[in-house]
Amino acid sequence: MALPKRIIKETERLMAEPVPGISAVPHEDNLRYFDVKIHGPSQSPYEGGVFKLELFLPDDYPMTPPKIRFLTKIYHPNIDKLGRICLDVLKSNWSPALQIRTILLSIQALLGAPNPDDPLANDVAQDWKTDEKAAIQTARDWTSKYAAPE
Amino acid sequence: MKFAHLYQESLQKDGFPPDWVASAISYRQLKKCIKRVETELSSMGLDADTLNLLLKSVEEQHTKHDAQVDEEEDEKPFRYQFRSQDLNNENGDKEQGTSNGARFLPKLLFAVDEETGEPLDASLTPETKREFHVLALSQQLTDVRILDITDDPARRSSFVGSFDSATSDMSDAEKRPHRRHSRPVRMVEVPLTSDSEFFGMLQDQLSGLAKLQAEQNVKMESEVKELGQLVTKVTDPSQGKKKNDLAQWRKIFELYLESRVFFSTNEQDHGAHDSEKAEKNLRRFSEELENQKLLTKFKKPESKEALDRFISLNLEILQNLRFQDINRLAMAKILKKFDKRTALGVKKTFPSTIHTSPLTTSVAKAICYQLSTELLPIVPALDDYLCPVCFSISYKPIRLLCNHIFCIRCLVIMQRARENHCPLCRGEVVMQADSRNLDQDLIEYMKKWFPKEVRSKQHENERAAARDEFGENYDKCVLM
Ligand SMILES: [Zn+2]
Ligand SMILES: [Zn+2]
């Protein structure tokens, strides 16, 4: 099936006007599959890190949300060991008017504002609640260990 | 290369009209005038070195005593300030425009002892001091006695230190020859003529620039209006699609907006561009017009003329931007030179109200704004009529109860997925929509202004509907 106009336009715009701190490049052999890199927001424990993600647009996109997963290991209460992300706009709050760029911006914002009250990674969220300082330090350590820029 | 030379060269070679060149800041003339100021000041013993020394010694005193740094003007040995003079006052007519209204006159004031009229600054030569003294007397300090100004060098050098009113220890004060502490200070005006000449000249040139800008603004404004009429004519869809250049002009304006010639809306670099960047963007726009061979696709001969005018209007904006840039630079340089040669510190004190208006108010910005609000909207942009779900023209347009508009195809898909929420506002309005939600006026408008896009979308919709009915193989059958 040919690539819908919507996906072509979104890709074009992502290339022409990239979002600061975010890149998304489609695979040449599968234009629905993107390599994503997100820079950790400043003032967050992820600052200085570059996080890799994979993003896939299912057949019925944009009626259903893109599938996204962190490939880089990250210590975050809303991201689990497999890199799955707990973010409402990726699930129940998805709307077909949302786009790849808006979703990636939401994920970047989630790095800047971890929410242990709505966890996916339960143990991390627990750490976060019992000793936030230590949890933030762990997040920093993981960032320099796993997300160092190439 | 010297700035004077570079400046002259770019004024001559950058293709500015002769009347612009005549109105430009005359750097050379002003520079010559600075020389006269320099000579005049030197003749009074107030050359830049002397004044700088004076300023420095006062500063040092401040830091040495570590007193609360009192920034009061009175602490300075001299002041150079501008006083506004309303030329229209004589007629009692204050409402006149500012271009020739308020003028600023420079004034050099020196601190003297209020009682004796003696200058407070030691590093001045005896002749200068004597001169000031006389000045002070003539300027209504009539009750002071003229003291013998001593030539004792020991006394002279200690004067500088004692100028600072913050008291130091007694022994130090005793060594000093007396009386400075907390004695009232009075400022005496030192009459200069060449500096008034300099600033008069500069202000004349600035108001000349302001006048030129105003003329340019009026001229370009009417050019945009005329061009608008022309574009309206060549894109008029009621003449039938074979007889207008609507699609071509839409493409031209799209390319123009993408080129962001003068201003950027990009997330990464926003705001106004300098003239160099604008020139590059404009060249890229022209090249893109070439590449897309838009000029050969015109059906109306007037379109060619309109495009030529559009380009030259942009070049005109660019020239205005460049002319302003170069004058602003000349202005900054000449004030810097003035300060270097006189130590009077005008870069800080020269009233910004005078030079900000013609050097920063942007005619380019005003005309660009007019372009984007009057000219470009003559051709409706496709971006304003896209369906937020499929990103193609929202034809046929369904207006939901919440007033958000989607193409009928996307509505069908949403309803089939039992998705009741409007994608834009999440209002529960999708399932209840039916053919009564078709916006008939918008349908007519789209057919008129986007005939090509409507036809191709209609074709897509029909194929998709057929695919729904006959399955995925439907496409292949058509192709065979
Ligand atoms: Zn649509
Ligand atoms: Zn809505």
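Further up the page is the structure itself.
Bear in mind that the values here come from a model prediction, so they are computed numbers and not experimental data.

A. A look at a positive patch on the surface. All names here are of chain B. A contiguous patch of positive charge, built from Lys2, Lys35, Lys333, Lys336, Lys340 and Lys347, is present on the exposed surface. Among the elements that line the positive patch, the one with the most residues is helix H11 (residues 301–342), at 3 residues. Within the fold, lysine 340 resides in helix H11.

B. Representation of the packing of aromatic side chains. Residues and elements named next belong to chain B. Inspection of every chain in the model, using the stated rule, returns 28 aromatic pairs over all chains. The interplanar angle of 75 degrees and the centroid separation of 5.8 Å between the aromatic rings of tyrosine 80 and phenylalanine 82 together place this pair among those described as edge-to-face. For the pair tyrosine 80 and phenylalanine 82, one class covers both residues: buried. Look at tryptophan 249 and phenylalanine 298: their rings are 6.0 Å apart centre to centre, the planes differ by 25 degrees, and that puts the pair in the stacked class. On the criterion of sequence distance, the pair formed by tryptophan 249 in helix H9 (residues 246–259) and phenylalanine 298 in the loop between helix H10 (275–291) and H11 is long-range, its members being 49 residues apart. As far as the burial class goes, tryptophan 249 and phenylalanine 298 line up, both buried. Three or more aromatic residues joined by ring pairs form one cluster here, namely Trp249, Phe253, Tyr256, Phe285, Phe298 and Phe310.

C. Summary view of the sheet that holds strand S1 (residues 22–26) of chain A. Residue and element names in this part refer to chain A. The 4 strands are arranged S1-S2-S3-S4 in an open sheet whose pairing can be described as antiparallel. Here the strands that pair on one side only, and so sit at the sheet edges, are S1 and strand S4 (67–70). Strand after strand, the sheet turns through a mean of 20 degrees between neighbouring axes, direction not considered. Note: strand S2 (residues 33–39) against strand S3 (residues 50–56), 7 bridges, orientation antiparallel. Across the sheet, valine 36 pairs through a bridge with leucine 53, a residue of S3. Its contacts with the sheet place helix H2 (residues 100–112) against S1, S2, S3 and S4, and it is angled at close to 35 degrees to S2.

Definitions and cut-offs
- Residues numbered from 1 in each chain as written.
- Chains lettered and ligands numbered in written order.
- Predicted model: local features only at pLDDT ≥ 70, side-chain atom pairs only at ≥ 80, totals over all residues.
- Heavy atoms only, no water.
- Patch = residues over 30% accessible without salt bridge, like charges linked within 9 Å, V, L, I, M, F, W, Y side chains within 5 Å.
- Areas by Shrake-Rupley, 256 points an atom, 1.4 Å probe, with all protein chains shown as cover.
- Salt bridge = Lys/Arg side-chain N within 4 Å of Asp/Glu carboxyl O.
- Lys, Arg positive; Asp, Glu negative; His and termini not counted.
- Charge placed at Lys NZ, Arg CZ, Asp CG, Glu CD.
- Helix = DSSP H or I, 4+ residues; strand = E, 2+ residues; numbered from the N terminus.
- Phe/Tyr/Trp six-rings, centres within 6.5 Å; stacked < 30°, edge-to-face > 60°.
- Buried < 20%, exposed > 50% of the residue type's maximum accessible area, 1.4 Å probe, protein only.
- Pairing = 2+ DSSP bridges.
- Axes fitted to C-alpha atoms, helices over the stretch in contact; angles between N-to-C directions.
- Contact = heavy atoms within 4.5 Å.

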